[in-house]
Amino acid sequence: MSKKLRIGALASGGGTNLQAIIDRCQDGSLPAEIVLIISNNQDAGALERARKAGIPALCIDHRSYASREEFDRTIVGALQDAEIDLVILAGFMRIISEIFVEAFPNRIMNIHPALLPAFPGLHVQRKALEYGVRFSGCTVHFVDTGTDTGPIIIQAVVPVLDSDTEATLSARILVQEHQIYPRAIQLFAEGRLRVEGRRVSIDPPDDYCPQSLTNPTLR
Ligand code: GAR
């Protein structure tokens, strides 16, 4: 059997994306293993999920460090000690520094609850609603030194409804996040992602059947 991909996960919050990935590793549908979970927040639901799944976890509180670089060096050290192949940011609400990105080039993924490059940053479901877009969604991308700017691996689109609130739109997007993050990791684990500049190609390509979406519908 080929070696499983060793994942290190960083999460600040409830950790539902993390849980979706834990579940897929445990049911064998992802050829990967989460070997270390790190949170900057001792109250993160992600730490409780780690405990329940029997995965080693660390709380590294950014407030105990004088600089972002010092904090990142500590995290990088822990990930390297655990011989991580891929780092996943799963609701990790800290900007990571060059030191971190350079330690894992094209080996850090992030999930973002909007269709990048639209709406980078924070509170993006609210911003999408306020802007009046008809579609939003989520994006998994490799992390570079910008904020939500790295090469895009996979996106899912959801409609924005007239009746939506920030909560209902966020919930609709989150359902798709739980689908696309494991898929991006699977493609990485299978060695199918090729990064050339900004573009990520899938090798061999998916037999994707293009379809257009309209909201509202044309009829
Ligand atoms: C998710 O919606 C994720 O896309 C977002 O935080 C949420 C975490 O939920 N991440 C960002 O906004 C990163 N800038 P979870 O803890 O339940 O996975």
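Residues numbered from 1 in each chain as written. Predicted model: local features only at pLDDT ≥ 70, side-chain atom pairs only at ≥ 80, totals over all residues. Heavy atoms only, no water.

S.K.: Explain the layout of surface pockets here, please?
M.R.: In this approach the atoms are scanned with a rolling probe the size of a water molecule, which exposes any empty space left behind. Of the volumes computed, that of the largest pocket is approximately 830 Å³. In terms of lining residues, the largest pocket is bounded by 37 residues, among which Gly91, Phe92, Met93, Ile111 and Pro113 are the most central. For the lining of the largest pocket, the element with the highest residue contribution is helix α6 (residues 166-189), accounting for 4 residues. For the lining of the largest pocket, the class distribution of residues is 13 nonpolar, 19 polar and 5 charged. Space inside the second largest pocket adds up to approximately 580 Å³. Ile153, Ile154, Gln155, Asp206 and Tyr208 are the residues nearest the centre of the second largest pocket, which is lined by 16 residues in total. Breaking the lining of the second largest pocket down by element, the ones donating at least two residues are β7 (152-159), α6 and β9 (199-202). In terms of residue count, β7 provides more of the lining of the second largest pocket than any other element does, 5 residues in total. Looking at the lining of the second largest pocket residue by residue, the class counts come to 10 nonpolar, 3 polar and 3 charged. (1 Å grid on protein atoms, 1.4 Å probe; cavity = no way out; pocket = protein on both sides within 12 Å on 5 of 7 lines; lining within 4 Å. Points joined across faces, edges and corners; volume = space filled by probe spheres on them. Helix = DSSP H or I, 4+ residues; strand = E, 2+ residues; numbered from the N terminus. Nonpolar A, V, L, I, M, F, W, Y, C, P; charged D, E, K, R; others polar.)

S.K.: Explain helix α1 (residues 16-26) here, please?
M.R.: Three or four residues apart is the spacing at which side chains of an α-helix point the same way, because the helix has 3.6 residues per turn. Considered for burial, the residues of α1 that qualify are Asn17, Leu18, Ala20, Ile21, Ile22 and Cys25. Taken together, the buried residues of α1 touch β1 (5-10), β2 (32-39), α2 (45-53), β4 (86-89), β5 (108-112) and α6. (Buried < 20%, exposed > 50% of the residue type's maximum accessible area, 1.4 Å probe, protein only. Contact = heavy atoms within 4.5 Å.)

S.K.: How should I be thinking about the packing of aromatic side chains in this particular structure?
M.R.: Centre distance and the angle of the planes are the two values used to describe a pair of aromatic rings. With the rule as written, the count across this model stands at 4 aromatic pairs. Ring geometry for Phe100 against Phe104: centres 6.2 Å apart, planes inclined by 65 degrees, an arrangement best described as edge-to-face. Accessibility assignment for this pair places Phe100 and Phe104 in one class, buried. (Phe/Tyr/Trp six-rings, centres within 6.5 Å; stacked < 30°, edge-to-face > 60°.)

S.K.: Please explain the site of the ligand as it appears in this structure.
M.R.: Around the ligand sit Gly14, Gly15, Thr16, Asn17, Gly91, Met93, Ile111, His112, Pro113, Leu174 and Glu177, and those are all the residues in its vicinity. Gly15 places a polar main-chain atom, nitrogen or oxygen, 2.7 Å from an oxygen atom of the ligand. Between the ligand and Thr16 there is a distance of 2.6 Å, counted from an oxygen atom to a side-chain nitrogen or oxygen. Expressed as a share of its isolated accessible area of 440 Å², the protein-covered part of the ligand is 84%. Mapping the ligand onto the cavity grids shows that it belongs to the largest pocket. Those elements that provide at least two residues to the shell around the ligand are α1, β5 and α6. Here the shell around the ligand is built from residues that sort into 4 nonpolar, 6 polar and 1 charged. (Near = heavy atom within 4 Å. Polar contact = N/O pair within 3.5 Å; in protein donor to acceptor, adjacent residues only side chain to side chain. Areas by Shrake-Rupley, 256 points an atom, 1.4 Å probe, with all protein chains shown as cover. Sits in = over half its atoms within 2 Å of the grid points.)

S.K.: Before we go on, may I ask you to explain the sheet that holds strand β3 (residues 57-59) in this structure?
M.R.: Across a sheet, strands are paired by hydrogen bonds formed along the backbone, either parallel or antiparallel in direction. A sheet is described by the order of its strands in space; here 7 strands give the open sequence β3-β2-β1-β4-β5-β6-β7, paired in mixed fashion. Edge positions in the open sheet fall to β3 and β7, since each of these has one partner strand only. For this sheet the average axis-to-axis angle between neighbouring strands, irrespective of direction, equals 20 degrees. Summarising the sheet, β1 and β4 pair through 4 bridges and their orientation is parallel. Across the sheet, Ile7 pairs through a bridge with Leu86, a residue of β4. Along the sheet face, α1 touches β1, β2, β4 and β5 and points at about 155 degrees away from the line of β2. (Pairing = 2+ DSSP bridges. Axes fitted to C-alpha atoms, helices over the stretch in contact; angles between N-to-C directions.)

S.K.: Looking at this model, I keep getting lost on the packing of α1 against α2. Mind explaining?
M.R.: A packed helix pair is summarised by two numbers, namely the angle formed by the two axes and the spacing between the axes. At a minimum axis distance of 9 Å, the contact between α1 and α2 shows a crossing angle of 15 degrees. Judged on the interaxial angle alone, α2 and α1 are roughly parallel. Relative to α2, the crossing made by α1 is right-handed. Along the contact surface, α1 presents Thr16, Leu18, Gln19, Ile22 and Gln26, while α2 presents Ala46, Arg49 and Ala53. (Parallel < 35°, antiparallel > 145°, perpendicular 65-115°, else oblique. Left-handed = near helix turned anticlockwise from the far one by under 90°.)

Just distances and angles here, no functional claims.
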